[in-house]
Amino acid sequence: MRLSEFRQALSDEFGDGYGRVLTHDLILTPFGCTADQALAGGASARDVWLALCAETDVPKARWYGAGLPAARG
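The protein chain goes by DUF3046 domain-containing protein in an unreviewed UniProt entry, where it is assigned to Cryobacterium sinapicolor.

If you want it as structure tokens, here you go:
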């Protein structure tokens, strides 16, 4: 997963504004820091996305940003 795909999945799932709040403020348990900090520290976008999905109780069917095709509307 590229960073651009992470940002698109984040926007699709949470919206632009709330997505930015989550990546800036929510501490992701597996990393012990926020998504922004984890990405800046070299964590893979895919691992951060999966941690964010798990932390926010996103149903697994919508974890498509982790290399699965996007849900069709």
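K.L.:
Looking at this model, I keep getting lost on the nonpolar core. Mind explaining?
P.N.:
Side chains of a nonpolar character, in soluble globular proteins, are inclined to be buried together. Residues Phe6, Leu10, Phe14, Leu28, Val48, Trp49 and Leu52 are the most contacted members of the largest nonpolar core, which totals 18 residues. Mapped onto this core, the elements with two or more residues apiece are helix H1 (3-14), helix H3 (35-40) and helix H4 (45-55). If one sorts the elements of this core by residue count, H4 sits on top with six residues.

K.L.:
In this structure, what is going on with the pattern of salt bridges? I would like to understand it.
P.N.:
Here the idea is simple: oppositely charged side chains can pair when their charged atoms come close. Taken as a whole, this structure holds two salt bridges when the rule is applied. Across the pair Asp36 and Arg7 runs a salt bridge whose closest N-O atoms are separated by 3.9 Å. Pair noted here: Asp36 is in helix H3 and Arg7 is in helix H1, with a separation of 29 residues, a long-range link. Of the charged contacts in the structure, one is a salt bridge between Glu13 and Arg62, with a shortest N-O distance of 2.9 Å. Of this pair, Glu13 sits in helix H1 while Arg62 is found in the segment after H4, placing the two residues 49 residues apart along the sequence.

About the cut-offs
Residues numbered from 1 in each chain as written. Predicted model: local features only at pLDDT ≥ 70, side-chain atom pairs only at ≥ 80, totals over all residues. Heavy atoms only, no water. Core = buried A, V, L, I, M, F, W, Y, C linked by side-chain atoms within 4.5 Å. Buried < 20%, exposed > 50% of the residue type's maximum accessible area, 1.4 Å probe, protein only. Helix = DSSP H or I, 4+ residues; strand = E, 2+ residues; numbered from the N terminus. Salt bridge = Lys/Arg side-chain N within 4 Å of Asp/Glu carboxyl O.

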